[in-house]
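# Observations on the model geometry
Residues per chain are reported as follows:
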Amino acid sequence: DAGVIQSPRHEVTEMGQEVTLRCKPISGHNSLFWYRQTMMRGLELLIYFNNNVPIDDSGMPEDRFSAKMPNASFSTLKIQPSEPRDSAVYFCASSPSRDTQYFGPGTRLTVL
Amino acid sequence: DQQVKQNSPSLSVQEGRISILNCDYTNSMFDYFLWYKKYPAEGPTFLISISSIKDKNEDGRFTVFLNKSAKHLSLHIVPSQPGDSAVYFCARHQTGANNLFFGTGTRLTVIP
């Protein structure tokens, strides 16, 4: 199994631009999570889906952030417009029900 | 609200000695705690967990201790090896939900 796949691995963009991060979970896992890692706050849960349905999006910082999961094998996290304070590493993780979460390699986002 | 706290951002240990990583929590509603290990440019990987009904769980060189009265858990690595150098996150699995709350991490450096 290839594990959780995230793309791109690195993204550099200018303030005000739209950014889309992509995730392919492990086949058969029915929960998907988006996290953001910063030095100050560590790993923060942004949103998670169960069977493609958003369950808890209370961690999404503001309306500039949105996430979708159109099917069981794909999810996106979009930031529009992006700001320098959004610079962080964004991780996607998937899980078979209530079991351990498996993380992707992350996307390092830099907003100039 | 930082529900899981790792107060030591870094720890250095000599190879062969014991590494002790600590984690404190504030909310008593949990199913279990987990420890994740993260190497640079990779996503966190699951290391070991402990359920709320236990006070100790051991897996090879790794042992996790849970002190519910003190709301404290610790990860012991014995003996420490240079390959253990990584950032370690503790995480709380919320009762009745499917999400994890992570601490800010402790960077362990094992000196050869």
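See the structure above.
All figures in this text were calculated on a predicted structure; none of them were measured in a lab.

## A few points about the overall build of chain B
- A count of helices and strands for chain B gives zero helices and eleven strands.
- Reading the helices (α) and strands (β) of chain B from amino to carboxyl end gives β-β-β-β-β-β-β-β-β-β-β.
- Against the 2.2 N^0.38 benchmark of 13 Å for 112 residues, chain B shows a C-alpha radius of gyration of 13 Å, consistent with a compact globule.
- Projected onto its principal axes, the C-alpha positions of chain B cover 40 × 30 × 20 Å.
- The 112 residues of chain B split such that 46% are buried.
- For chain B, restricting intrachain contacts to residue pairs at least 6 apart in sequence, the fraction spanning at least 24 positions comes to 55%.
- Separation between the mean location of the 11 positive side-chain charges and that of the 9 negative ones in chain B comes to 3 Å.

## Notes on the interface of chain A and chain B
- With 21 residues of chain A at the contact, the number on the chain B side is 20 residues.
- Summed over both sides, the interface of chain A with chain B buries roughly 1,600 Å², with 51% coming from carbon and sulfur.
- Remark: the boundary between chain A and chain B carries zero salt bridges.
- Taken together, the links from chain A to chain B amount to two residue pairs in polar contact (both at pLDDT 80 or more).
- Counting only elements with at least two residues in the side of chain A that touches chain B, the list comes to β4 (31-38) and β5 (42-50) of chain A.
- In terms of residue count, β5 of chain A provides more of the side of chain A that touches chain B than any other element does, five residues in total.

What counts as what
The written sequence of each chain sets the order in which its residues are numbered from 1. A letter from A marks each chain and a number from 1 marks each ligand, given out in the order of writing. In keeping with the model being predicted, local features are shown solely for residues with a pLDDT of at least 70 and side-chain atom pairs are shown and tallied solely at 80 or more, while totals for entire chains, interfaces and linings include all residues. In computing side-chain values, all of the structure's heavy atoms are included and hydrogens and water are not. Each helix is a run of H or I in the DSSP string that is no shorter than four residues. Each strand is a run of E no shorter than two, and both are numbered from the N terminus. Both definitions apply: the radius of gyration is a C-alpha atom measure, and the globule rule equals 2.2 Å times residues to the power 0.38. Remark: exposure states derive from per-residue accessible area (1.4 Å probe, protein chains only) relative to the maximum for the residue type, with buried under 20%, exposed over 50%, and partly exposed in between. By definition in these notes, contact holds between two residues if any of their heavy atoms fall within 4.5 Å. Counted charges follow a simple rule, with Lys and Arg positive, Asp and Glu negative, and His plus the chain ends left uncounted. Throughout, a charge is located at the NZ atom of Lys, the CZ atom of Arg, the CG atom of Asp or the CD atom of Glu. Buried area is a sum: the accessible area each of two parts loses on coming together, probed at 1.4 Å, counted once for each and added. We count a salt bridge whenever a side-chain nitrogen from Lys or Arg sits within 4 Å of a carboxyl oxygen from Asp or Glu. Polar contact criterion, stated in full: a pair of N or O atoms within 3.5 Å, where within protein one must be able to donate a hydrogen and the other to accept it, and residues adjacent in sequence count only if both atoms are side-chain atoms.

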